[in-house]
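# Examining the three-dimensional arrangement
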Amino acid sequence: MKKYNKTLIVSIFAFSGILLFSSCSSDSKERDAAEATSALIHGNENIVVFGHVGAMNILDNTGYKHIPKVNTILGSVLSNWKKGLEIDKPIYYALEAPFGHDATPETVYAIINIKNQDSLSSIISEMGYDLEKDGDISFHQEDDVTFGIRNKLFIIISKPGDYDGKAKIKETFELTEGDLSEGTANDIVEQSGDIVSGVDVSRLLNTSNTELAKLPSDKKEELEGLVENAFIKTVADFKNGEAVIQSTNLFSEELKDKLFFKDKNGNTLVSKLGGGTPWMGVAMNLDLRKGEDFLTNYLPDAKKRLMGGLPNEAKFALLALGENPFSKLFSGQAGAIMNGDPKSTMGMELEYSSFLGLGPKGDILQKMVEEQFGAFGTKQGDTYTMGTLRLKSNKQGIFVSSGSSNFGKLNLPSYVKNFGEDSFSMFIAFEKMDVASMELEDEAKVIEILQYVTINVNRDGSKMVIAAKNKQVNILKQATDFYAKQIMSKIDSMGV
């Protein structure tokens, strides 16, 4: 009796194992777009950029349904596609390296969830496309684009040049059945946001940078260790009254320490930028020595190209300084603010204050600038004056200003944070500008609706905020309404 019980137990375990294996194998073909993308990233080591776009959420936020002619056309198209695809969910994408000189990726993948396969096939047929079959995959290739259908997934592939679309779509579906990505890559795939993007820094370097092969083995090993599991995650969200684009450097502290970041500088730079109430400003605090060391050690060809793009006079001057010439010439601190009446700026009556920090060998540049100003301007103490232009030069750096509105205390707008403290910071106060009076291209006139733009970059990442004057309506709808009015105005002017 015990013998039969033992046999029964073994049989149950064996049968359970078969069921488990079968369910895992079956489940891999029933994955949704998010899991399929995660597996594709894991299986294809040339994929360096990936993420997803909430296309319908973005479209809904534009308020297109309230524009009759647009809603009539676009609404019917979307309604049709909704029968076959889950376009209310994010559309996932992946970009394969190497990238061309124009930043074109080797291959672009888009993965979308299917709602009803029969409806999708019918829509495609109505568009005049004939689907071919390869096992359980239905596909069609049209020039450099191939799309395929299998179970819950609709995959689109765009690849320049001649290629076998059947083999490529089959390979892609097979990769979506493999192991899922783990750690940071998978976290980025699961990240919420209107637009989400992840960049695998290690893969980017290994697939797009032929310089690595030229590095000594010890330096190559060092760099590979530094960028291992390093990612840049970017999330864009469009909200009422603003768009926020935030990037996070998911790097090791060791890698951050080797780059050019130099944060938490207090008001040392701001105090050198004069006073007044600015409507625009830019400020940099860079550790040029670290930046040069990084290029010298790991990307020497990039440093040569940087030097090669300079005028001959500058090249000779830098070569004479020996190693790390940039950090010898410049301190890494620089900034400028625009103040006064921004409307008069369009009439070339510029009012600004700027500072360029000099390094230990900065006297070379200092003498060159003084010679230029000395030939045309008048000197009083350490300050040269030429019309409304003033130049002051000392060991700290070179100060240049113009106008009468840059004296006293600097009053920054309330929404400007960490200006001059982060490695890079910038702001533009559109609210202070008469944008309508500027001779801008039609597509650029949308800045009429904006209050400000701020940008901050530090060792942990970057953040851009684009704020509209109206805080109650989604910024995408405001932009859409602006362009719709612009188009209707043109139509009315033509008497259509």
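The rules we used
- Residues numbered from 1 in each chain as written.
- Predicted model: local features only at pLDDT ≥ 70, side-chain atom pairs only at ≥ 80, totals over all residues.
- Heavy atoms only, no water.
- Axes fitted to C-alpha atoms, helices over the stretch in contact; angles between N-to-C directions.
- Helix = DSSP H or I, 4+ residues; strand = E, 2+ residues; numbered from the N terminus.
- Left-handed = near helix turned anticlockwise from the far one by under 90°.
- Contact = heavy atoms within 4.5 Å.
- Phe/Tyr/Trp six-rings, centres within 6.5 Å; stacked < 30°, edge-to-face > 60°.
- Buried < 20%, exposed > 50% of the residue type's maximum accessible area, 1.4 Å probe, protein only.
- Salt bridge = Lys/Arg side-chain N within 4 Å of Asp/Glu carboxyl O.
- Parallel < 35°, antiparallel > 145°, perpendicular 65-115°, else oblique.
- Nonpolar A, V, L, I, M, F, W, Y, C, P; charged D, E, K, R; others polar.
- Core = buried A, V, L, I, M, F, W, Y, C linked by side-chain atoms within 4.5 Å.
- Pairing = 2+ DSSP bridges.
- pLDDT = per-residue confidence, 0-100.
- Patch = residues over 30% accessible without salt bridge, like charges linked within 9 Å, V, L, I, M, F, W, Y side chains within 5 Å.
- Areas by Shrake-Rupley, 256 points an atom, 1.4 Å probe, with all protein chains shown as cover.
- Lys, Arg positive; Asp, Glu negative; His and termini not counted.
- Charge placed at Lys NZ, Arg CZ, Asp CG, Glu CD.

## Regarding the packing of helix H8 (residues 201-208) against helix H9 (residues 217-227)
Taken N-terminus to C-terminus, the directions of H8 and H9 make an angle of 145°; their axes are 8 Å apart at the nearest point. As for the relative orientation of H8 and H9, their crossing is right-handed in sense. Taken together, the residues of H9 that come into contact with H8 (itself represented by Val201, Ser202, Leu205 and Asn206) are Leu223, Glu224 and Val227.

## A word on the packing of aromatic side chains
Per the counting criterion, the structure on display carries 9 aromatic pairs. Taking 5.8 Å as the distance between ring centres and 55° as the angle between the ring planes, the aromatic pair formed by Phe147 and Phe154 counts as tilted. As far as burial versus exposure is concerned, Phe147 and Phe154 are alike and both buried. With a centroid separation of 5.3 Å and 80° between ring planes, the pair formed by Phe419 and Phe427 is classed as edge-to-face. Here Phe427 falls in the buried class, since its relative accessible area comes to 0%. These aromatic residues form a ring-pair network of at least three members: Tyr129, Phe147 and Phe154.

## Here's the deal with the pattern of salt bridges
Where side chains of opposite charge bring their charged atoms close, a pairing between them can arise. Tallying each qualifying case throughout the model produces 16 salt bridges. The partner of Lys214 in a salt bridge is Asp301, and the shortest N-O contact between them spans 3.0 Å. Of the two residues, Lys214 is situated in the loop between H8 and H9 and Asp301 in helix H12 (residues 300-308); the sequence distance between them amounts to 87 residues. Look at Lys214 and you get exposed, because its relative accessible area is 62%. Of the charged contacts, one joins Glu253 and Lys256 as a salt bridge, the two residues approaching to 3.5 Å between their closest N and O atoms. A residue pair is termed a helical-turn pair when its members lie 3 or 4 positions apart in one helix, as Glu253 and Lys256 do in helix H10 (residues 253-258) at 3 residues. Relative accessible area serves as the criterion here: at 46%, Glu253 is assigned to the partly exposed category. Take Lys256: its relative accessible area is 6%, and that puts it in the buried class.

## Re the packing of helix H11 (residues 288-298) against H12
Relative orientation of the contacting elements H11 and H12 amounts to 120°, with a least axis distance of 5 Å. Considering the angle they form, H11 stands oblique to H12. Contacts from Glu292, Leu295, Thr296 and Tyr298 in H11 reach Pro300, Ala302 and Lys303 in H12. Class assignment for the residues of the contact of H11 with H12 results in 4 nonpolar, 1 polar and 2 charged.

## Looking at the nonpolar core
Counting 52 residues, the largest nonpolar core has Leu391, Ile398, Phe419, Phe430 and Met433 as the members making the most contacts within it. Leave out the neighbours within four places in its chain, and Ile398 touches Ser354, Phe355, Leu356, Leu358, Leu365, Gln366, Val369, Leu391, Lys392 and Ser393. Ala36, Leu40, Ile169 and Val235 belong to the second largest nonpolar core, which has 24 residues in total.

## So, the pairing of strand E15 (residues 383-386)
In the sheet, strand E14 (residues 378-380) pairs with E15 via 3 bridges, with the strands oriented antiparallel. For Thr378, the partnering residue across the bridge sits in E15 and is Thr385. The hairpin turn running from E14 into E15, its antiparallel successor, is 2 residues long, and Gly381 in that turn takes a positive phi close to 70°. Note: E15 against strand E16 (residues 389-393), 4 bridges, orientation antiparallel. Looking across to E16, one finds that Met386 is bridged to Leu389. Hairpin connection between E15 and E16: a loop of 2 residues separates the two successive antiparallel strands, and Gly387 in this loop has a positive phi of roughly 65°.

## Section: the confidence of the model for the chain
Put simply, the chain has an average pLDDT of 86, and 89% of its residues get 70 or more. In the predicted structure, residues 1-26 sits below a pLDDT of 50 and forms 0 contacts with residues beyond four places in sequence or in another chain.

## Things to note about a negative patch on the surface
A cluster of acidic residues, Asp32, Glu35, Asp187 and Glu190, forms a negative patch on the protein surface. Mapped onto the fold, Glu190 is located in helix H7 (residues 183-190). Residue classification places Glu190 among the exposed positions, given a relative accessible area of 59%.

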